[in-house]
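So you can see what is in the structure, the chains are spelled out below.
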Amino acid sequence: MAQVQRIAIMGDEAVALAVKQAKVDLVAAYPITPQTIIVERLSEYVADGELDAAFIQAESEHSALSICVGAALAGARVFTSTCSQGLALMHEIVYAASSMRIPMVMTIVNRSLNAPLNIHCEHGDVMPERDSGWVHLFAANVQEAYDLTFIAFKLSEREDVMLPVSVNLDAFILSHSIESLIPISDEDAARFLPPREYKLALDFDNPITHGTMALPDTYMEFKMQLKEAVERAKSVYPEIVEEYARISGRKYWYFNSYMADDADAVVMVLGSTYGTLKTAARELREKGLKVGVIGLTMFRPFPEEQLVDALKGVRAVVVMDRAYGYGGLGGQLYTDVVGALYRNGIRIPAKNVVFGLGGRDFKLDEAEAILKMAAKGARDGGFDTHVQWWGVRA
Amino acid sequence: MSARKLVDDVLKGRFTYKTLPIAAAIPNPPTSLENKTGMWRVQEPVIDQSKCIKCLLCWTYCPDASIKRRDDDGVEVDYDYCKGCGICMTVCPVKAISMREV
Ligand code: SF4
Ligand code: SF4
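Given the structure is predicted, the values throughout are model-derived calculations rather than measurements.

Visitor: Kindly report on the domain arrangement of chain A, identifying the contributing residues and their values.
Guide: Residues and elements named next belong to chain A. As assigned here, chain A comprises domain 1 (7-183 + 208-248) and domain 2 (255-389). Of note, the centres of domain 1 and domain 2, computed from C-alpha atoms alone, are 27 Å apart. Between domain 1 and domain 2, the contact holds 27 residues from the first and 26 residues from the second. For the pair domain 1 and domain 2, the two sides together bury roughly 2000 Å², of which 60% comes from carbon and sulfur. The largest per-residue losses of area from domain 1 upon contact with domain 2 belong to Arg 130, Phe 138 and Lys 234, which jointly make up 31% of the total buried on that side. At the boundary of domain 1 and domain 2, one finds 2 salt bridges. Across the pair Arg 300 and Asp 131 runs a salt bridge, and its minimum N-O distance is 3.9 Å. For the interface between domain 1 and domain 2, the tally reads 11 residue pairs in polar contact (both at pLDDT 80 or more). Looking at the side of domain 1 that touches domain 2 residue by residue, the class counts come to 15 nonpolar, 6 polar and 6 charged.

This is the structure we're talking about:
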């Protein structure tokens with residue numbers, strides 16, 4: 001582990017720094033707020049000769065992702081970044097990328113989807129890609145956004161995985177906030193991510209056909225391959241975070257957990273809200289309230305067994321979603337958690353809190369109120385309602 | 001894996017999701033030559049050579065390149081790949097082509 005200086009950096013720039021250190025061969029992107037700074041910095045790195053890569057500004061996000069697919073098939077390490085409408089426009093290629101087993105990393109700076117037009121934080125943009133066969137990781141702070149970018153490349157390129165990986169970070173709250181960051185050295189980065197090797201790479205001397213058609217007699221088998229690869233991403237993940245811990249001193253897991261072990265009630269969430277909840281939980285613990293917080297780092301594949309294990313002894317959960325499944329049972333994380341609890345025979349009350357849509361602020365006192373609500377659910381053995389839209393003026 | 005064996009295995013159902021090439025990426029292309037897609041057809045064209053005037057319209061119009069052109073500009077059906085669409089029969093100006101059930 002080489003000595004490195006602690007720096008102050010905003011989330012988007014931290015991601016760009018990690019991508020540079022990962023020595024990508026190609027960046028293809030289309031600007032969209034609030035991820036633009038990521039590709040802006042990368043274009044500067046390329047222009048200044050600090051990064052030896054092709055930088056392509058595509059005519060749309062659909063093309064940007066298509067370019068990444070092609071370049072990755074040629075054996076390149078590729079990166080793109082988008083959010084919101086841009087991700088929606090990529091949708092078709094998102095599914096092609098995972099099923100064609102394309103290793104690549106995409107940063108998604110989570111922003112709400114039109115309409116009404118809004119550029120602020122929400123997880124509603126990635127949810128339509130939830131079931132696509134991509135690995136989806138979520139950062140809780142700027143340091144995580146940086147670290148997870150390396151972990152994402154490593155996971156993505158493993159021969160037994162070969163899948164695209166997204167790293168999600170909250171719009172503005174992380175993308176545009178300056179936080180403290182301890183980078184890894186260029187040497188450690190190079191050791192962790194040696195040049196990419198790819199057996200199926202396009203090669204004039206040994207032709208191979210990618211993107212073929214499969215009829216009803218074989219289609220399900222190819223999808224079964226995808227299903228297993230996504231599950232393998234989950235089983236090899238501990239090896240990768242362990243290796244990353246050796247060079248960085250920072251140990252990642254399927255989720256961040258704060259005092260969940262002996263908690264009566266746990267609040268679960270994706271993204272930066274973990275930090276707010278953690279601070280509120282620390283204060284409530286001092287007042288004797290046995291509450292804990294879990295913030296998922298890996299959302300897909302869903303770490304079912306690990307979460308179920310972490311919830312042993314917990315008497316109630318509140319699951320917070322910064323997105324909503326309209327007409328369904330609640331937010332996407334909530335339905336996953338409830339399903340996991342049910343099929344593992346854990347019959348504890350679980351409530352869904354939908355919050356922060358379109359970037360609505362979520363403050364410390366609100367985090368405290370939700371933790372208290374969870375604790376009350378544990379005491380009462382139930383909640384008043386399944387789903388609550390938090391802070392809506394009604 | 002050779003293209004021949006891959007096509008054979010798939011057609012005969014001798015595969016599992018583990019034996020198929022990963023992500024449907026096909027090594028040793030082109031498997032299209034091995035995959036005799038003519039088996040799809042329910043009707044097939046027959047050319048009455050005595051009527052044929054060697055105009056090559058059928059050769060031009062066949063969407064599957066399944067009319068073979070001989071050196072003398074006479075034509076034959078390539079039954080390995082002909083899908084039985086009947087376009088050649090429709091375009092033939094002297095009605096030299098008829099369709100029969102297979
Ligand atoms: S029937 Fe159709 S596919 Fe067959 S030779 Fe005629 S035009 Fe070609
Ligand atoms: S279209 Fe009819 S006449 Fe012309 S080459 Fe074909 S079979 Fe012969």
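Visitor: Could you give an account of the pattern of salt bridges, with specific residues and numbers?
Guide: All names here are of chain A. Evaluation of the coordinates by the stated rule reveals 36 salt bridges over all chains. Between Arg 41 and Glu 40 there is a salt bridge, and its shortest N-O distance comes to 3.8 Å. One salt bridge connects Arg 343 with Glu 304, and the closest N-O pair in it is separated by 2.6 Å. Residue Arg 343 is located in helix α10 (residues 332-343), and its partner Glu 304 is located in helix α9 (residues 304-310); the two are separated by 39 residues in the primary sequence. By relative accessible area, which is 12% here, Glu 304 ends up buried.

Visitor: An account of the packing of helix α1 (residues 11-21) of chain A against helix α2 (residues 36-47) of chain A is requested, with residue identities and associated values reported.
Guide: All names here are of chain A. The interhelical angle for the contact between α1 and α2, taken along N-to-C directions, is 40°, at an axis separation of 8 Å. With respect to each other, α1 and α2 are oriented oblique. Like other packed secondary-structure pairs, α1 and α2 cross with a definite hand, here right-handed. Of the residues in α2, those touching α1 at Asp 12, Glu 13, Val 15, Ala 16, Leu 17, Val 19 and Lys 20 are Thr 36, Ile 37, Ile 38, Arg 41, Leu 42 and Tyr 45. Tallied by class, residues from the contact of α1 with α2 come to 8 nonpolar, 1 polar and 4 charged.

Visitor: Let's hear about the nonpolar core: which residues, and what values?
Guide: Residues and elements named next belong to chain A. Phe 79 and Ile 294 are the most contacted members of the largest nonpolar core, which totals 114 residues. Here this core takes 10 residues from helix α7 (residues 219-248), the largest share from any one element. Among all residues touching Phe 79, those that are not within four sequence positions of it are Val 15, Val 19, Val 24, Leu 26, Val 27, Ala 28, Ile 38, Leu 42, Cys 68, Val 105, Thr 107 and Phe 153. In terms of nonpolar packing, the next biggest core, distinct from the first, is built from 26 residues, Val 269, Tyr 274, Leu 371 and Ala 374 among them.

Visitor: Pulling in residues and values, what's your account of the interface of chain A and chain B?
Guide: Many structure descriptions define interface size as the accessible area lost when the parts assemble. Taken residue by residue, the interface counts 17 residues in chain A and 15 residues in chain B. Overall, the association of chain A and chain B removes approximately 1400 Å² of surface from exposure, summing both partners, and the carbon and sulfur fraction of that is 69%. Linking chain A with chain B are 0 salt bridges, by the criterion used here. Inspection of the region where chain A meets chain B yields 7 residue pairs in polar contact (both at pLDDT 80 or more). Where the side of chain A that touches chain B is concerned, the elements lending two or more residues are β9 (208-209) and α7 of chain A. Here the side of chain A that touches chain B takes 5 residues from α7(A), the largest share from any one element.

Visitor: Any details on unusual backbone geometry? Residues and values, ideally.
Guide: All names here are of chain A. Residue Ala 115 follows Asn 114 across a cis peptide bond; omega there is 5°. Along the chain, Ala 115 turns up in the loop between β5 (104-110) and β6 (135-138). Cis geometry is adopted by the peptide bond preceding Pro 116, which originates at Ala 115 and carries an omega value of -5°. By the element assignment, Pro 116 lies in the loop between β5 and β6.

Visitor: Outline the packing of aromatic side chains, supporting the account with residue identities and numerical values.
Guide: Residue and element names in this part refer to chain A. This structure, assessed with the given rule, holds 10 aromatic pairs over all chains. Ring centres of Trp 253 and Tyr 254 lie 4.6 Å apart, and the angle between their planes is 70°; this geometry places the pair in the edge-to-face category. Centre to centre, the rings of Tyr 324 and Trp 389 are 5.1 Å apart; their planes meet at 75°, and the pair counts as edge-to-face. Highlighted residues: Tyr 324 in the loop between β14 (316-321) and α10 and Trp 389 in strand β16 (residues 387-389), separated in sequence by 65 residues. Here Tyr 324 falls in the buried class, since its relative accessible area comes to 18%. Over the ring of Tyr 45 we find Lys 20, and its NZ or CZ is 4.7 Å from the ring centre.

Visitor: With reference to specific residues and values, describe the layout of surface pockets.
Guide: One number sums up the size of the largest pocket: a volume of about 700 Å³. What lines the largest pocket is a set of 25 residues, among which A:Met213, A:Leu215, B:Val10, B:Thr31 and B:Asn35 lie closest to the centre. It is helix α1 (residues 3-11) of chain B that provides the largest number of residues to the lining of the largest pocket, a total of 4 residues. Tallied by class, the residues present in the lining of the largest pocket amount to 17 nonpolar, 7 polar and 1 charged. For the second largest pocket, the calculated volume is near 430 Å³. Counting residues per element, the lining of the second largest pocket draws most heavily on helix α8 (residues 273-286) of chain A, at 7 residues.

Visitor: Report on the environment of A:Asp12, specifying residues and quantitative values.
Guide: Residues and elements named next belong to chain A. Within the secondary structure, Asp 12 sits in helix α1. For Asp 12 and Val 269, which are 257 residues apart along the polypeptide, the C-alpha to C-alpha distance reads 22 Å. When residues no more than four places from it in sequence are discounted, the contact partners of Asp 12 are Pro 34, Gln 35, Thr 36, Ile 37, Ile 38, Val 109, Leu 174, Ser 175 and His 176.

Reading the values: the criteria
- Residues numbered from 1 in each chain as written.
- Chains lettered and ligands numbered in written order.
- Predicted model: local features only at pLDDT ≥ 70, side-chain atom pairs only at ≥ 80, totals over all residues.
- Heavy atoms only, no water.
- Domains from an automatic or database assignment.
- Contact = heavy atoms within 4.5 Å.
- Buried area = accessible area lost by both parts, 1.4 Å probe.
- Salt bridge = Lys/Arg side-chain N within 4 Å of Asp/Glu carboxyl O.
- Polar contact = N/O pair within 3.5 Å; in protein donor to acceptor, adjacent residues only side chain to side chain.
- Nonpolar A, V, L, I, M, F, W, Y, C, P; charged D, E, K, R; others polar.
- Helix = DSSP H or I, 4+ residues; strand = E, 2+ residues; numbered from the N terminus.
- Buried < 20%, exposed > 50% of the residue type's maximum accessible area, 1.4 Å probe, protein only.
- Axes fitted to C-alpha atoms, helices over the stretch in contact; angles between N-to-C directions.
- Parallel < 35°, antiparallel > 145°, perpendicular 65-115°, else oblique.
- Left-handed = near helix turned anticlockwise from the far one by under 90°.
- Core = buried A, V, L, I, M, F, W, Y, C linked by side-chain atoms within 4.5 Å.
- Phe/Tyr/Trp six-rings, centres within 6.5 Å; stacked < 30°, edge-to-face > 60°.
- Lys NZ or Arg CZ within 6 Å of the ring centre and 35° of its normal.
- 1 Å grid on protein atoms, 1.4 Å probe; cavity = no way out; pocket = protein on both sides within 12 Å on 5 of 7 lines; lining within 4 Å.
- Points joined across faces, edges and corners; volume = space filled by probe spheres on them.

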